[in-house]
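Residue-level structural notes
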Amino acid sequence: MSLVLDAAAQDLLFREARTANTFTDEPVTDEQIQAVYDLIKYGPTASNQNPLRIVLVRSPEARERLVARMAEGNRAKTAAAPLVAILATDNEFHEELPRLVPHAPKIKDVLYAERPVRERSALLNGALQAAYFIVGLRAAGLAAGPMGGFDPAGVQKEFLDDDHTPLMVVNIGRPGPDAWRSRAPRLAVDEVVTTV
């Protein structure tokens, strides 16, 4: 069975896409990020909850504060990337549900009244949206360097508030020299998929 996407699009989004470790100095514009968000905003989430929040770190002062909270091995590439985004979840996403799910006006109070339930749901659905964001960056011809190596409590304190949980930090730009490590192996389909 063939895929609907042509081979070039499959390669751009998946087969040839890699985590970039270096970037050129070409800027990433607000218009590019807007186009990426417009592309990915319809990705699926439970109850259409949309918990992802994106903080673009553009100013030198903010970049310096973020770099100080990155793991040592991630500091230089975060300092040099044209744009860095903090992807976070909004644990109070349920406040938007009456607008996002107008056909079920009570869903906010029925399913998401308790904070621990919201946090679990925001983590899962925010991660799903973050994955779409990375694919959207690829569709825009940009490369992404998503990282979990940072101080979550420090990033939360410095850039967010108690209602937002950082998921990852993503370096964004056009790939630079020696941007890629060697392709790491992946599990085969028969190691991942079972039929019952």
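Please read all numbers here as calculations on a predicted model, not as lab measurements.

Considering the pattern of salt bridges
Counted by the stated rule, this structure contains 13 salt bridges. A salt bridge links R15 to D11, with the nearest nitrogen and oxygen atoms 3.7 Å apart. Of this pair, R15 and D11 are both found in helix α1 (residues 7–15), 4 residues apart, which corresponds to roughly one turn of the helix. Note on R15: relative accessible area 46%, which makes it partly exposed. Between D30 and R58 there is a salt bridge whose closest N-O contact spans 2.9 Å. Here D30 is found in helix α2 (residues 30–40), whereas its partner R58 is found in the loop between β1 (52–57) and α3 (60–67), with 28 residues between them in sequence. The exposure class assigned to D30 is partly exposed, which follows from its relative accessible area of 47%.

Concerning the pairing of strand β3 (residues 143–147)
Moving residue by residue along a regular strand, the side chains alternate between the two faces of the sheet. Within β3, 4 of the 5 residues are buried, leaving the element largely enclosed by the surrounding structure. Summarising the sheet, β3 and strand β4 (residues 164–173) pair through 5 bridges and their orientation is antiparallel. What sits directly across from G145, in β4, is N171.

A closer look at helix α4 (residues 72–80)
Think of an α-helix as turning once every 3.6 residues; residues three or four places apart then point the same way. Taken together, the buried positions of α4 are occupied by N74, K77 and T78. Viewed along the axis of α4, the buried residues span an arc of 105 degrees, placing them on a single side of the element. The exposed residues of α4 that point more than 90 degrees off its buried face are E72, A76 and A80. In this fold, the buried residues of α4 make contact with α3, β2 (83–90), β3 and β4.

Overview of a nonpolar patch on the surface
On the surface, a cluster of nonpolar side chains totalling about 410 Å² of accessible area is made up of L187, V189, V192 and V193. For V192, the position within the fold is in helix α9 (residues 189–192).

Description of the side chain of R138
Along the polypeptide, R138 turns up in helix α7 (residues 115–139). Put simply, R138 is tucked away with no salt bridge, and the nearest opposite charge, on D11, sits 11 Å away. Among the polar contacts made by the side chain of R138, one reaches the main-chain carbonyl oxygen of L13 at a distance of 2.9 Å. When neighbours within four sequence positions are excluded, R138 is seen to be in contact with L12, L13, F14, A17 and R18.

A word on the environment of R120
In this fold, R120 is placed in helix α7. Classification of R120 by relative accessible area gives exposed; the value is 55%. In this structure the C-alpha to C-alpha distance between R120 and R65, which are 55 residues apart in sequence, comes to 28 Å.

How each quantity is defined
Residues numbered from 1 in each chain as written. Predicted model: local features only at pLDDT ≥ 70, side-chain atom pairs only at ≥ 80, totals over all residues. Heavy atoms only, no water. Salt bridge = Lys/Arg side-chain N within 4 Å of Asp/Glu carboxyl O. Helix = DSSP H or I, 4+ residues; strand = E, 2+ residues; numbered from the N terminus. Buried < 20%, exposed > 50% of the residue type's maximum accessible area, 1.4 Å probe, protein only. Pairing = 2+ DSSP bridges. Arc of directions from axis to C-beta. Contact = heavy atoms within 4.5 Å. Patch = residues over 30% accessible without salt bridge, like charges linked within 9 Å, V, L, I, M, F, W, Y side chains within 5 Å. Areas by Shrake-Rupley, 256 points an atom, 1.4 Å probe, with all protein chains shown as cover. Lys, Arg positive; Asp, Glu negative; His and termini not counted. Polar contact = N/O pair within 3.5 Å; in protein donor to acceptor, adjacent residues only side chain to side chain.

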